[in-house]
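# Architecture and fold: a report
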Amino acid sequence: MADLTNPLDGFSITRDDFDYVGTDLQRPECILAEPDGTLWSADARGGVMRIAADGTQRLITQSAALAGLTSDNVGSRLVDGTLPNGLAFDREGDFLVSNFGTDRLEHMMRDGRTTPIFETLDGGPIGKVNFVCRDSQDRVWVTVSTKAHDWRRQMTPEVEDGQLLLYADGKLRVVADGLRFANECKLDAAEEYIYVAQTCGRNILRFRIQEDGSLAGREVYGPQDHGRFIDGIAFDSFGNLWGTYIFTDGIFAITPERDVRILFEDSTQEEIERFDRRFRAGTVDMDLMLSMGGPVATWCASVTFGGPGLRDVYVGSLRQTRLPHFQSPVAGLPLVHWSEMAGR
């Protein structure tokens, strides 16, 4: 009989377990890994940073016009201009970019040439396009956190204007509505379900994917309320769903039995409780957010499995200038691009 022992049994991480790669990064929220060891991180200067396996790096910006939209003000950088946020590879190895600043999904070539894929929905603004992932059928799933441009005003328990969009066969449609600041989305190994992190719902939703791409069976996966904002999620090969807590920074995993395990804690209990009180009162503001965040991956935003055996875990963030990484006891679930690139 196969050993069903969870590789995360007894596993935890301390600050001393992290190494770092990259320098002078700006808002490296999302990270993509290639089989040859190359890393790509989203960059607030309007593009992506390529970090080669030997550590050398090169910034590729979308265009001078887009790059000129960046600001030196921390608050403005989180709202205005170009903010490449979520990244995915297309079949050719170029980038799908969910741009949190221009409010659109973009296609970016490896030389920086960028064209919008879509920037309106049913003739109107889309809202804050947050994350993008692609499945084996070449369908593209996109989260919209909120319809409001200044997302900072939407960090309350009441706002439920997020959406999950599906882009397939040249058409864009809403497949889930009423989401509470939708953030990262990921598919399971069989592509039977799609999972969506609700930052202001403080939980993860799961939907069964129908043959036509529509969704059914909406349910909360794991706790109804983690008591903390959730940002990024990623599966490992055992079926654990890893995730990040943002502002009250930490890394957790939900087991296949839907139990939560805290793998890394980079916030104090006092910070967690203070942020929780302010959120419940509807008084989260930029001053509060800027006062939060641990030193390892400040405003911890994502986890990405990479390396030859997919056991290197890279942590994306909004306010670090390098990428923390550590060794996992279990391989990550390969994203759809992994086998495509490995065969080239």
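Procedures and definitions
Residues numbered from 1 in each chain as written. Predicted model: local features only at pLDDT ≥ 70, side-chain atom pairs only at ≥ 80, totals over all residues. Heavy atoms only, no water. Pairing = 2+ DSSP bridges. Helix = DSSP H or I, 4+ residues; strand = E, 2+ residues; numbered from the N terminus. Axes fitted to C-alpha atoms, helices over the stretch in contact; angles between N-to-C directions. pLDDT = per-residue confidence, 0-100. Contact = heavy atoms within 4.5 Å. Buried < 20%, exposed > 50% of the residue type's maximum accessible area, 1.4 Å probe, protein only. 1 Å grid on protein atoms, 1.4 Å probe; cavity = no way out; pocket = protein on both sides within 12 Å on 5 of 7 lines; lining within 4 Å. Points joined across faces, edges and corners; volume = space filled by probe spheres on them. Nonpolar A, V, L, I, M, F, W, Y, C, P; charged D, E, K, R; others polar. Phe/Tyr/Trp six-rings, centres within 6.5 Å; stacked < 30°, edge-to-face > 60°. Lys NZ or Arg CZ within 6 Å of the ring centre and 35° of its normal.

Read from one edge of the open sheet, four strands run 1-26-25-24, paired in antiparallel fashion. Two strands close off the open sheet at either side, each with one partner strand: strand 1 (19-21) and strand 24 (300-306). The average angle at which neighbouring strand axes cross in this sheet is 35°, direction not considered. Where strand 24 lies against strand 25 (residues 312-317), six bridges are found, and the strand directions are antiparallel. Counterpart to valine 303 in the pairing with strand 25 is valine 315.

Let's shift gears to the confidence of the model for the chain. Taken over all residues, the pLDDT of the chain has a mean of 93, while the share at 70 or more is 94%. Throughout residues 64-71 the model reports pLDDT below 50, and contacts reaching past four residues in sequence, or to other chains, amount to twelve contacts.

Take the pairing of strand 18 (residues 203-209) next. Most of strand 18 sits out of view: six of its seven residues are buried. Note: strand 17 (residues 193-198) against strand 18, six bridges, orientation antiparallel. Looking at the pairing, isoleucine 194 lines up with phenylalanine 207 of strand 18. Adjacent in sequence and paired antiparallel, strand 17 and strand 18 are bridged by four residues, among which arginine 202 carries a positive phi angle near 55°. Relative to strand 19 (residues 215-220), strand 18 is paired through four bridges, and the arrangement is antiparallel. For arginine 208, the partnering residue across the bridge sits in strand 19 and is alanine 216. Linkage of strand 18 to strand 19, two consecutive antiparallel strands, is achieved through a turn of five residues, within which glycine 213 is found at a positive phi near 90°.

What follows deals with empty space enclosed by the protein. Counted by the stated rule, this structure contains two cavities of 30 Å³ or more. Computed from the structure, the largest cavity encloses a volume of approximately 130 Å³. Forming the walls of the largest cavity are 14 residues, and the residues nearest its centre are Trp151, Phe181, Asn183, Asp231 and Ile246. A breakdown of the residues in the lining of the largest cavity according to their chemical character gives seven nonpolar, four polar and three charged. Looking at the second largest cavity, its volume works out to about 40 Å³. Considering the residues around the second largest cavity, the lining is formed by Phe18, Asp249, Ile251, Phe264, Asp266, Val296, Ala297, Cys300 and Val315.

Okay, the packing of aromatic side chains next. For the coordinates displayed, the defined rule picks out 16 aromatic pairs. Judged by centre distance (5.0 Å) and plane angle (75°), the ring pair of tyrosine 195 and phenylalanine 235 falls under edge-to-face. Pair noted here: tyrosine 195 is in strand 17 and phenylalanine 235 is in strand 20 (residues 230-235), with a separation of 40 residues, a long-range link. The two residues tyrosine 195 and phenylalanine 235 agree in class, both being buried. Ring pairs connect the aromatic residues Phe18, Trp242, Phe264, Phe305 and Phe326, which therefore count as one cluster. Here the guanidinium or amino end of arginine 206 rests over the ring plane of tyrosine 193, the centre of that ring lying 3.7 Å away. One residue, arginine 319, lies across the ring of tryptophan 299, its end atom 5.1 Å from the ring centre.

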